Amino acid sequence: MSLKALYVNLIIFAATLPLLASCSSDASVLPADNPSDVYLTLEISVTEPASESRSRAEGDLTYFKLPELECEKLHTLRVIILNASDNKVESNRMVTVDSDGSIINDNLTFKTKPGQKRILLFGNESTLASETIDLLNNATAGATMDMDAVNSLLMVRTGDNALYNWENREDDTETGRLSVPMTESWNVTVDELNAEGDNRYQTADLFITRAVTKFSFTITKSDDITDGENYSLENHEIRSFTIDRIGFQQYLMPRAVYDPVKGEPSNYEYNGRYITSFSVPSDSPQPASFTFTPDTPMDVDALEKGKTFMYAPLIYLPETPGQEFHCSLTVFDKISQQETTLPLSQKLPNLPSLPRNTHVLVNILLTPSELKCTVDVVPYTSVKLNPTFGFDELLPRPPAEPGEVPPWLVIDPDDPENDF
């Protein structure tokens, strides 16, 4: 039985009533009511993290964790509302999100008419291609949005490049210029006013999704290694990690099937959702390998027993449908001065597919006789409007008992040896 790829939605929060003043172009003051006007507020369910850390047992596919990097948070949000029957633009509003996850001076309330609406969400759009930004800017009120063009927008990596590689970038996340893009498309029904007119204010629960995937790696030296005993990769440096069969392009807007479906509440942890299937352009090139190279090689001999090297690069890749993904290490023998490529296994376990918004953690355990590899496929999660694209903590191997941290794992983020 094939495993479902994991996915978690990012939920955006807005007030349920128009209480906040706005500085955006079309929402500074909502005009006086037309008898048929409806005020639609985009609302988000606020999901707090669990009070206790939850660890994933073997076979448990509902394991959701929380992120932390600035470049993986939402900094800007554009909302475009269309009349679904003719794709006429009703509103095109850009809002800014504060560092604490609050939308600045906007309550995301829109004056509209009853009927079917198409709502497009774009987060951190300044990271996108200039042609895409031009298309969004040209969607002025009254214009017709070319939805064929929107749905055909692509994100493409070329050659050996990633979609985004910010390993050596200057920190410029406040404006979202170097932040991962997020998108989503919604069909929303605005109800006709009833006879009493007491449904003039209506709400819609929406989420927005990071449009990329991410890999991180850990190397742990097992406690089973006794002093003076030889072990796998002794006298070696790890110079790079290669994942094969990574796709080259994807659609900007998700083409995915969700579980639960859009509009239905989720009972999974952190309001998590699965992506059960998704599609990429039919003319995509054949997937190929991508190599992650730390600035500083990992000297395995310098790693103490029970300690872990962690390498979590700011490198983001396209979603890639069902493949048998493989990982290999490029290692350097300090005695023979030879560099070799070492496959980890026939395929990465627990990674049947690579949907957007997923963080893949490849965990390598050094033992006296072999390398052992486990994979945590951890979808991103949400708390209020504070998205996180990583982990509260790293669990390279599921512990035997829920809530128990493996005794061989110690990661000190303030320790320079863990900074790669």
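Residues numbered from 1 in each chain as written. Predicted model: local features only at pLDDT ≥ 70, side-chain atom pairs only at ≥ 80, totals over all residues. Heavy atoms only, no water.

K.L.:
Looking at this model, I keep getting lost on the overall build of the chain. Mind explaining?
P.N.:
When helices and strands are counted, the chain shows 2 helices and 25 strands. Across the 420 residues of the chain, 52% fall into the buried class. Within the chain, contacts between residues at least 6 apart in sequence are counted, and of these 79% link residues at least 24 apart. Just so you have it, the chain exposes about 18400 Å², and 47% of that area is on carbon and sulfur atoms. (Helix = DSSP H or I, 4+ residues; strand = E, 2+ residues; numbered from the N terminus. Buried < 20%, exposed > 50% of the residue type's maximum accessible area, 1.4 Å probe, protein only. Contact = heavy atoms within 4.5 Å. Areas by Shrake-Rupley, 256 points an atom, 1.4 Å probe, with all protein chains shown as cover.)

K.L.:
Sorry if this is basic, but what is going on with unusual backbone geometry here?
P.N.:
Excluding glycine, a negative phi dihedral is what most residues carry, and trans is how most peptide bonds are arranged. At Arg245, a residue that is not glycine, the phi angle is positive and equals roughly 65°. One non-glycine residue, Gln337, lies in positive phi territory at about 60°. Secondary-structure assignment places Gln337 in the loop between strand E22 (327-333) and strand E23 (338-343).

K.L.:
Can you walk me through the nonpolar core in this structure?
P.N.:
Soluble globular proteins tend to pack their nonpolar side chains together in the buried interior. Ranked by size, the top nonpolar core spans 51 residues in total, and within it Leu42, Val79, Ile80, Ile119, Leu120 and Met145 carry the most contacts. The residues touching Leu120, leaving out its near neighbours within four places in the chain, are Arg78, Val79, Ile80, Leu82, Met145, Met147, Val150, Glu184, Ser185 and Met253. (Core = buried A, V, L, I, M, F, W, Y, C linked by side-chain atoms within 4.5 Å.)

K.L.:
Help me understand helix H1 (residues 130-137), please; the structure alone is not making it clear to me.
P.N.:
Since the α-helix turns once every 3.6 residues, residues separated by three or four places project in the same direction. Considered for burial, the residues of H1 that qualify are Thr132, Ile133 and Leu136. End-on view of H1: buried residues confined to an arc of 100°, all on one side of the axis. Next to the buried residues of H1 lie strand E4 (76-83), strand E5 (88-96) and strand E7 (115-123). (Arc of directions from axis to C-beta.)

K.L.:
Looking at this model, I keep getting lost on the pattern of salt bridges. Mind explaining?
P.N.:
Pairing of side chains with opposite charge becomes possible as their charged atoms draw close. Counting across every chain of the model gives 12 salt bridges. A salt bridge links Glu184 to Lys262, with the shortest nitrogen-to-oxygen separation between them at 2.8 Å. On the criterion of sequence distance, the pair formed by Glu184 in strand E10 (residues 182-190) and Lys262 in the loop between strand E16 (256-259) and strand E17 (273-278) is long-range, its members being 78 residues apart. The class for Glu184 is buried, based on a relative accessible area of 1%. (Salt bridge = Lys/Arg side-chain N within 4 Å of Asp/Glu carboxyl O.)

K.L.:
Mind showing me how you'd approach the packing of aromatic side chains here?
P.N.:
Any aromatic ring pair is given by two values, namely how distant the centres are and how the planes are angled relative to each other. The tally for this structure, following the rule as stated, stands at 11 aromatic pairs. Each ring, one from Trp166 and one from Tyr316, has its centre 5.6 Å from the other, and the planes form 55°; the classification is tilted. Residue Trp166 is located in the loop between strand E9 (164-165) and E10, and its partner Tyr316 is located in strand E21 (residues 315-317); the two are separated by 150 residues in the primary sequence. Side by side, Trp166 and Tyr316 carry an identical accessibility label, which is buried. (Phe/Tyr/Trp six-rings, centres within 6.5 Å; stacked < 30°, edge-to-face > 60°.)

K.L.:
Explain the environment of Asn363 here, please?
P.N.:
Among the secondary structure elements, Asn363 is positioned in strand E24 (residues 358-366). Classification of Asn363 as buried rests on a relative accessible area of 3%. C-alpha separation for the pair Asn363 and Thr218, spaced 145 residues apart in sequence, amounts to 4.9 Å. Engagement of the side chain of Asn363 in a polar contact is seen with the backbone oxygen of Leu361, the distance being 3.4 Å. (Polar contact = N/O pair within 3.5 Å; in protein donor to acceptor, adjacent residues only side chain to side chain.)

K.L.:
Hey, could you run me through the pairing of E5 in this one?
P.N.:
Successive residues of a regular strand alternate their side chains across the two faces of the sheet. Two strands pair when backbone bridges link them, and E4 and E5 are joined in this way by 8 bridges, in the antiparallel orientation. Residue pairing in the sheet places Leu82 in a bridge with Val89 of E5. Two successive antiparallel strands, E4 and E5, enclose a turn made up of 4 residues, where Asn87 displays a positive phi of approximately 60°. (Pairing = 2+ DSSP bridges.)

K.L.:
Help me out: how do you make sense of the confidence of the model for the chain in this one?
P.N.:
Detailed reading of the predicted coordinates is not advisable wherever pLDDT is low. Taken over all residues, the pLDDT of the chain has a mean of 74, while the share at 70 or more is 70%. Here residues 1-29 is modelled with pLDDT under 50, and outside its nearest four sequence neighbours on either side it reaches 109 contacts, counting other chains as well. Between residues 44-67, whose pLDDT stays under 50, and residues either more than four places distant or in other chains, the model counts 93 contacts. (pLDDT = per-residue confidence, 0-100.)

K.L.:
Would you take a moment to explain the state of the cysteines for this structure?
P.N.:
Under the counting rule described, the total for this entry stands at 0 disulfides. Free of any disulfide, Cys327 has its nearest cysteine sulfur in Cys373, 6.4 Å distant. (Disulfide = S-S within 2.5 Å.)

K.L.:
Help me understand the side chain of Thr358 in this model?
P.N.:
Counting through the fold element by element, Thr358 comes out in strand E24. Thr358 sits in the buried class, given a relative accessible area of 0%. Within the structure, Thr358 has its side chain in polar contact with the backbone oxygen of Pro355 (distance 3.0 Å).

K.L.:
What should I look at first to understand the environment of Phe241 in this one?
P.N.:
Here Phe241 shows up in strand E14 (residues 236-246). Taking the C-alpha atoms as reference points, Phe241 and Cys327, 86 residues apart in sequence, are found 6.9 Å from one another. Not counting chain neighbours up to four residues away, the residues in contact with Phe241 comprise Phe217, Ile219, Phe290, Thr291, Phe292, Pro294, Met298, Tyr311, Ser328, Leu329 and Ile364.

K.L.:
Just checking my understanding: could you explain the environment of Glu192 for this structure?
P.N.:
Relative to the helices and strands, Glu192 resides in the loop between E10 and strand E11 (201-205). C-alpha of Glu192 to C-alpha of Gly115: the two residues are 77 residues apart in sequence and 7.2 Å apart in space. Apart from the residues within four sequence positions on either side, Glu192 is in contact with Pro114 and Asn199.

K.L.:
Sorry, what's going on with the pairing of E24 here?
P.N.:
For E24, the tally of buried residues reaches 9 of 9 residues, placing the bulk of the element in the interior. Burial of E24 is two-sided: the residues Thr358, Val360, Val362, Ile364 and Leu366 facing one way and the residues His359, Leu361, Asn363 and Leu365 facing the other way are all buried. Two strands pair when backbone bridges link them, and strand E13 (residues 213-221) and E24 are joined in this way by 9 bridges, in the parallel orientation. When the sheet's bridge partners are listed, Lys214 is paired in E24 with His359.

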